[in-house]
Amino acid sequence: MVEHHAAEGEEPAVTLDAFLDQSNATAVRLEPDDDARALIPHLDRLALIEIAFPKFRDGRGYSSARILREAGYTGELRAQGDVLVDQIAFMKRCGFDSFSPEAPLNQADVEAALSRYDHVYQGAADAAVPVWKLRHG
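Here the structure is a predicted model, which means the values were calculated and not measured.

Reading the values: rules and limits
Residues numbered from 1 in each chain as written. Predicted model: local features only at pLDDT ≥ 70, side-chain atom pairs only at ≥ 80, totals over all residues. Heavy atoms only, no water. Salt bridge = Lys/Arg side-chain N within 4 Å of Asp/Glu carboxyl O. Helix = DSSP H or I, 4+ residues; strand = E, 2+ residues; numbered from the N terminus. Buried < 20%, exposed > 50% of the residue type's maximum accessible area, 1.4 Å probe, protein only. Pairing = 2+ DSSP bridges. Contact = heavy atoms within 4.5 Å. Axes fitted to C-alpha atoms, helices over the stretch in contact; angles between N-to-C directions.

## Notes on the pattern of salt bridges
Close approach of charged atoms allows side chains of opposite charge to pair.
Right, so step 1: Per the counting criterion, the structure on display carries 8 salt bridges.
Right, so step 2: Where Arg-29 meets Glu-50, a salt bridge forms, and the shortest distance between an N and an O atom there is 2.8 Å. Of the two residues, Arg-29 sits in strand 2 (residues 27–30) while Glu-50 sits in strand 3 (residues 48–53), which places them 21 residues apart along the sequence.
Right, so step 3: Under the relative-accessibility criterion, Glu-50 is labelled buried at 11%.
Right, so step 4: Between Arg-37 and Asp-35 there is a salt bridge, with its nearest N and O atoms 2.9 Å apart.
Right, so step 5: Classification of Arg-37 as exposed rests on a relative accessible area of 51%.
Right, so step 6: If you follow the salt bridges from partner to partner, you end up with Arg-29, Glu-31, Glu-50, Glu-76 and Arg-78 in one network.

Shown next, in the form of structure tokens:
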């Protein structure tokens, strides 16, 4: 999924502080300075974690995504904000599965970016096997 548009009836994501103060939210939004590890005890009841990218230069959201996936989160992980086409493949490797960019992305460019490389060089939150492991077991 490249672009996300809120579906009718979709619960709005609450801030991390609001989430930690209530017990019924199933969607939370993390800002760059929020600690994703605070959500680990609650991952089983979250359907959506939206991670804000206010500027393309701020990469803290990548770390948050990987922390959450490695902790076992299987729900929707959405990158929201200043999401650029050249970041999509790397965001997917970190565990993002949906995107809500501020500016529309050209679908053909996104598909090209996602299919550009056949192999990866290091392990990540996705299931891609690094090329060195394919070569040497």
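That shown, we press on.
## Here's the deal with the sheet that holds strand 5 (residues 98–101)
Right, so step 1: Strand order in the open sheet formed by 5 strands is 1-2-3-4-5, with parallel pairing between adjacent strands. Strands with a single pairing partner mark the edges of an open sheet, and in this sheet they are strand 1 (14–15) and strand 5.
Right, so step 2: Here strand 2 pairs with strand 3 via 4 bridges, running parallel. Pairing of Val-28 across the sheet is with Ile-49, part of strand 3.
Right, so step 3: Of the strands in this sheet, strand 2, strand 3 and strand 4 (76–81) are in contact with helix 2 (residues 60–70), which crosses strand 3 at around 160°.

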